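Understanding the architecture of this molecule
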Amino acid sequence: MRRQLSLLMVFVFFMLINLPALGAVDIKASLRQRLQDSQNQESRILQDILQLDARLQKATSESQDLARRLEIVQQELQDARSALARAEADLAAGRQDFSRSLRFFYTYGSSPFLTAALFSSNWPDFFIRWELLKYLADHFLGSVRHSLALAQSAREKSDLVAAREKELQQARAEWQTARQNFAALKEKQEKKLQSLRQQNTTWARDLLALEQAWSGALPALQQLLQQLPALPWKQLKPDAIQVNIGQGEVLAVFSQANLNQTILASQDQLGDIRLVLPGEGLKIPGPDFEVQGTLQVYGPHQLLFLPQNVAFAGLSLDPVTWKELLPREKLILDLPPPDYGLKFKSIALEQGRMVLTLER
């Protein structure tokens, strides 16, 4: 029983030691899977772009073909309208000729034109006059009917060609709309592809950084983030106190050296890690990693650390990647309660120092 208990404790001990490594494996595996899925999506989008490009070329070719056919039909329509104009002109001329002939017979004929056969001297003269009258009438009526037929044929052809022109114009407009839609979709997919490629490049770089930081940076970073709220922040004391009686505020100034001496000096396991105040933020460099963030007032004597950038092996990680490395809970730093019932109002991070504003 004692031996089994000893083996169980050893197993638990090794599991606790390997927790950061297991977390790293999960993160790297998740990043590899995410990168693979994104690359597959990139391939699908590329195929879509190629298909859209083929459709765009087809739409352009079809639109050009319709434009050529439309030019031919427009020329045919112009010819048909010219033929209609000539036929109507011939019809008008035939009518004028017929009218002039009637006026000539009525004016210069020995008898009215329509009654010429009635005033014949005998039957042979009647038949001769009647045949001449029929021939003349057939001549004029045939000329008019021929002109009317030509005008009707020209009008029908003009209407038919006009309908074809309308159909071609509508088809061309539809193909031009389709070409514009294909071009817009292609542009949208190209932008998406460019974004995916940039994202894949970032994730591939992150994976490389994680590979390079496998044995050093990642365990140290995870250990730092897990222990950061538990570090001796309650032992921190200001380097200087300034009282602003007019505004009823107290300024507590903490130097960078004070932070490192109080917070990290006693932490042997964090010996390679330090706190840096470059101004407008808090930087925590370590072995092959660097965390940059800011501090905000979170409570009467609490501060909240908000990471804004994480770098491994000199490479800045994508936020989607480094957020998986950070603890899910908030990184709350509990400082010693101020005297006289004061509480934190605001914080300013300056070059080499941190300034807390306190009020009642």
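Moving on to the overall build of the protein chain. When helices and strands are counted, the protein chain shows five helices and nine strands. Along the protein chain, helices and strands appear, N-terminal first, in the series α-α-α-β-β-α-β-β-β-β-α-β-β-β. The proportion of buried residues among the 360 residues of the protein chain is 33%. When the accessible area of the protein chain is evaluated, it comes to approximately 22500 Å², of which 54% is carbon and sulfur surface.

On to the nonpolar core. With 47 residues, the main nonpolar core has Trp233, Phe289, Phe305, Phe312 and Met354 as its most contacted residues. Considering each element in turn, this core owes the most residues, six residues, to helix H3 (residues 217–227).

With that out of the way, let us pick up the pattern of salt bridges. Within this structure, the stated rule accounts for eight salt bridges. A salt bridge links Asp65 to Arg68; its shortest N-O distance comes to 3.6 Å. Of the two residues, Asp65 and Arg68 are both situated in helix H1 (residues 2–108); the distance of three residues between them amounts to about one turn of the helix. Between Lys345 and Glu359 there is a salt bridge, with the nearest N and O atoms lying 4.0 Å from each other. Of the two residues, Lys345 sits in strand E8 (residues 343–350) while Glu359 sits in strand E9 (residues 353–359), which places them 14 residues apart along the sequence.

One can find Glu42 in helix H1. Residue Glu42 is classed as buried on the basis of its relative accessible area of 19%. Only 3.3 Å separates the side chain of Glu42 from the side chain of Arg197, close enough to count as a polar contact. In this structure the side chain of Glu42 is engaged in a polar contact, spanning 2.7 Å, whose partner is the side chain of Asn200.

Turning to the sheet that holds strand E2 (residues 249–255), a few remarks are in order. Read from one edge to the other, the open sheet built from four strands follows the order E1-E2-E9-E8, with strand pairing classed as antiparallel. Because the sheet does not close on itself, it has two edges, and the strands there are strand E1 (240–244) and E8. Across the sheet, the mean angle from the axis of one strand to that of its neighbour is 20°, orientation sign disregarded. Where E2 and E9 come together, six bridges link them in antiparallel fashion. Looking at E9, one finds that Val253 is bridged to Val355.

Attention now moves to unusual backbone geometry. The backbone phi angle of Glu280 is positive, close to 60°, even though this residue is not glycine. Position of Glu280 among the secondary structure elements: in the loop between helix H4 (256–264) and strand E3 (282–286). Relative accessible area serves as the criterion here: at 73%, Glu280 is assigned to the exposed category. The phi torsion at Tyr340 lies on the positive side, around 60°, for a residue other than glycine. Relative to the assigned elements, Tyr340 resides in the loop between strand E7 (331–334) and E8.

This part covers a nonpolar patch on the surface. The grouping of Ile241, Val243 and Ile245 at the surface amounts to a nonpolar patch, some 350 Å² of accessible area in total. As for its position among the elements, Val243 is in strand E1. A residue is classified by how much of its surface remains accessible, and Val243, at 58% relative accessible area, is exposed.

Another aspect to go through is H4. Every buried residue belonging to H4 is among Asn258, Leu259, Asn260, Thr262, Ile263 and Leu264, and all of these are buried. The inward-facing, buried residues of H4 abut E2 and E9.

On a regular strand, one side chain projects to one face of the sheet and the next to the other, so that they alternate. With five bridges joining them, E3 and strand E4 (residues 289–297) adopt antiparallel strand pairing. Residue pairing across strands places Ile284 opposite Val291, the latter belonging to E4. Between the antiparallel neighbours E3 and E4 lie two residues, among them Asp288 with a positive phi of about 65°. Inspection of the sheet shows E4 paired to strand E5 (residues 302–312) by nine bridges, in the antiparallel sense. Across the sheet, residue Phe289 finds its bridge partner in E5, namely Phe312. The turn linking E4 back onto E5 is made up of four residues.

Basis of the calculations
Residues numbered from 1 in each chain as written. Predicted model: local features only at pLDDT ≥ 70, side-chain atom pairs only at ≥ 80, totals over all residues. Heavy atoms only, no water. Helix = DSSP H or I, 4+ residues; strand = E, 2+ residues; numbered from the N terminus. Buried < 20%, exposed > 50% of the residue type's maximum accessible area, 1.4 Å probe, protein only. Areas by Shrake-Rupley, 256 points an atom, 1.4 Å probe, with all protein chains shown as cover. Core = buried A, V, L, I, M, F, W, Y, C linked by side-chain atoms within 4.5 Å. Salt bridge = Lys/Arg side-chain N within 4 Å of Asp/Glu carboxyl O. Polar contact = N/O pair within 3.5 Å; in protein donor to acceptor, adjacent residues only side chain to side chain. Pairing = 2+ DSSP bridges. Axes fitted to C-alpha atoms, helices over the stretch in contact; angles between N-to-C directions. Patch = residues over 30% accessible without salt bridge, like charges linked within 9 Å, V, L, I, M, F, W, Y side chains within 5 Å. Contact = heavy atoms within 4.5 Å.

All we've got here are geometric facts, nothing functional implied.
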